[in-house]
Amino acid sequence: MADLLFEVEKHIATITLNRPESYNAFSEEMIVKWIEALETVRDDDSIRVLIVKGNGKAFCAGGDIKAMHAGEGFYRSKEDISSTGLARKNSLWKKIQRIPLLLEEIDKPVIAQIHGFAMGAGLDMALMCDIRIAAASAKLSESYINVAIVPGDGGAYYLPRLIGIDKALDLLWTARMVTAGEAKEMGLVTFVVDDEELEPFTRAYAEKLANGPQTAIRFIKRAVYQSQKMDLRSSLDYISSQMAIVTELDDFKEGVDAVVNKRKPKYE
């Protein structure tokens, strides 16, 4: 079986990390297929929502600790990714770091479905998603410091934006494990559900978004993220331009009519 599975059903794409024997630690094949899958999600307009999840007992353990112990880099590769500092940098820049950069180009909802362990770069892959839904038994840790490395995939960017600088430094400096409930309290995850409800809850959430007005959903995502880098005047100018566009679409007419007539809208 491939180290990463990708499927699309009813406009919902699913990336499944598939190295259960290694707690879904990275492999070169996994990273390459992850990049390819994200490019497909970005470019295929029939895909409306993306779910990222893991097989087996974990969401993702991040870098391959066995490869690191053997001096082979963050994952095993036929290329030289470990003999020099530049080689190690390029293994991040050309492969692993392509994932957050591609996610920034995707204006569709991206949901992380977290169970078991989410560790180090594996946790950060969830932080890159828009929504994080965790099983009640999930355990999360920014575990880089345990092997004396830094969060090389974007954790230092995402984590403080989600929970604040002091809490981010605490998690990164101590590598302490937090429960799903603790993660919810500090803003690290969006929802916590019973273990047996994780799959159906995530799917139902994705279906709700997939059946919504797609242009408005994508514009909202763009507005929220881009407004983080704008002043108020620029943000208001930007959103008024979006409003001018969406109010010309059939989705707007359908939504208004559905509200007035107390029925469920049917967006095309």
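The model shown is predicted, which means the values in this text are computed figures rather than measured ones.

**Details of the overall build of the chain**
- In terms of regular secondary structure, the chain is built from twelve helices and ten strands.
- The globule rule puts the C-alpha radius of gyration for 268 residues at 18 Å, and the 20 Å found for the chain is close to it.
- Along the first, second and third principal axes, the C-alpha set of the chain runs to 65 × 40 × 35 Å.
- Across the 268 residues of the chain, 46% fall into the buried class.
- Within the chain, contacts between residues at least 6 apart in sequence are counted, and of these 64% link residues at least 24 apart.
- Distance between charge centres in the chain, computed from 34 positive and 40 negative side chains, equals 1 Å.

**As for the packing of helix 1 (residues 28-43) against helix 3 (residues 85-96)**
- Close contact between helix 1 and helix 3 brings their axes to 10 Å; oriented N to C, the two are set at 40°. In terms of axis orientation, helix 1 runs oblique to helix 3. Contacts between helix 1 and helix 3 pair E28, I31, V32 and I35 from the former with K94, K95 and I96 from the latter.
- Classifying every residue of the contact of helix 1 with helix 3 by side-chain character gives four nonpolar, no polar and three charged.

**Side note on helix 9 (residues 198-210)**
- Over its 13 residues, helix 9 extends 18 Å from the first C-alpha to the last, a length consistent with the 18 Å expected when each residue adds 1.5 Å.
- Taken as a whole, helix 9 has its buried residues at L198, T202, A206 and A210. Here the buried residues of helix 9 occupy an arc of 95° about the axis, which is enough to place them on one side.
- Looking at the buried side of helix 9, the elements it contacts are strand 2 (12-17), strand 3 (49-54), strand 5 (110-114), strand 7 (131-135), strand 10 (191-193) and helix 10 (214-227).

**Focus: a negative patch on the surface**
- A surface patch of negative charge is lined by D194, D195, E196 and E197.
- Within the secondary structure, D194 sits in the loop between strand 10 and helix 9.

**A closer look at the sheet that holds strand 4 (residues 58-60)**
- As summarised here, the arrangement of the four strands in space is 4-6-8-9, forming an open sheet in which the pairing is mixed. Edge positions in the sheet fall to strand 4 and strand 9 (178-179), since each of these pairs with one other strand and no more.
- When strand 8 (residues 139-141) meets strand 9, the two strands line up antiparallel, connected through two bridges. Counterpart to K139 in the pairing with strand 9 is T179.

**Considering the packing of helix 6 (residues 155-163) against helix 7 (residues 165-174)**
- The geometry of helix 6 relative to helix 7 is characterised by a closest axis approach of 7 Å and an angle of 130° between their N-to-C directions. As far as their axial angle goes, helix 7 and helix 6 are oblique. Helix-helix and strand crossings are classified by hand; for helix 6 and helix 7 the assignment is right-handed. Contact residues: helix 6 offers L159, P160 and I163, while helix 7 offers I165, K167, A168, L171 and L172.

**Some thoughts on the sheet that holds strand 5**
- The six strands lie next to each other as 1-2-3-5-7-10, forming an open sheet whose pairing is mixed. Every other strand in the sheet has two partners, leaving strand 1 (4-9) and strand 10 as the edge strands with one partner each. For this sheet, the mean inter-axis angle between neighbouring strands, taken without regard to orientation, is 20°.
- Bridge analysis of strand 1 against strand 2 gives six bridges, and the strand direction is antiparallel. Directly across from E9, in strand 2, lies its bridge partner I12.
- Lying over the sheet, helix 9 contacts strand 1, strand 2, strand 3, strand 5, strand 7 and strand 10, oriented at roughly 175° with respect to strand 5.

**Quick word on the nonpolar core**
- Within the largest apolar cluster, 53 residues are counted, with the highest numbers of intra-cluster contacts made by W34 and L188.
- Examining the composition of this core, we find that seven residues originate from one element, helix 1, more than from any other.
- Aside from chain neighbours lying at most four places away, what touches L188 is L127, R132, L140, L159, I163, L171, V178 and A183.
- By size, the runner-up hydrophobic cluster in this structure holds eleven residues, among which are V49, I133, A135 and A210.

**Quick word on the state of the cysteines**
- Counted according to the given criterion, the structure contains zero disulfides.
- Here C60 stays unpaired: no disulfide links it, and the sulfur of C129, its closest cysteine neighbor, is 11 Å away.
- Since its relative accessible area comes to 0%, C60 is described here as buried.

About the criteria used
Residues numbered from 1 in each chain as written. Predicted model: local features only at pLDDT ≥ 70, side-chain atom pairs only at ≥ 80, totals over all residues. Heavy atoms only, no water. Helix = DSSP H or I, 4+ residues; strand = E, 2+ residues; numbered from the N terminus. Rg over C-alpha atoms; globule rule 2.2 N^0.38 Å. Buried < 20%, exposed > 50% of the residue type's maximum accessible area, 1.4 Å probe, protein only. Contact = heavy atoms within 4.5 Å. Lys, Arg positive; Asp, Glu negative; His and termini not counted. Charge placed at Lys NZ, Arg CZ, Asp CG, Glu CD. Axes fitted to C-alpha atoms, helices over the stretch in contact; angles between N-to-C directions. Parallel < 35°, antiparallel > 145°, perpendicular 65-115°, else oblique. Nonpolar A, V, L, I, M, F, W, Y, C, P; charged D, E, K, R; others polar. Expected span 1.5 Å × (residues − 1). Arc of directions from axis to C-beta. Patch = residues over 30% accessible without salt bridge, like charges linked within 9 Å, V, L, I, M, F, W, Y side chains within 5 Å. Areas by Shrake-Rupley, 256 points an atom, 1.4 Å probe, with all protein chains shown as cover. Salt bridge = Lys/Arg side-chain N within 4 Å of Asp/Glu carboxyl O. Pairing = 2+ DSSP bridges. Left-handed = near helix turned anticlockwise from the far one by under 90°. Core = buried A, V, L, I, M, F, W, Y, C linked by side-chain atoms within 4.5 Å. Disulfide = S-S within 2.5 Å.

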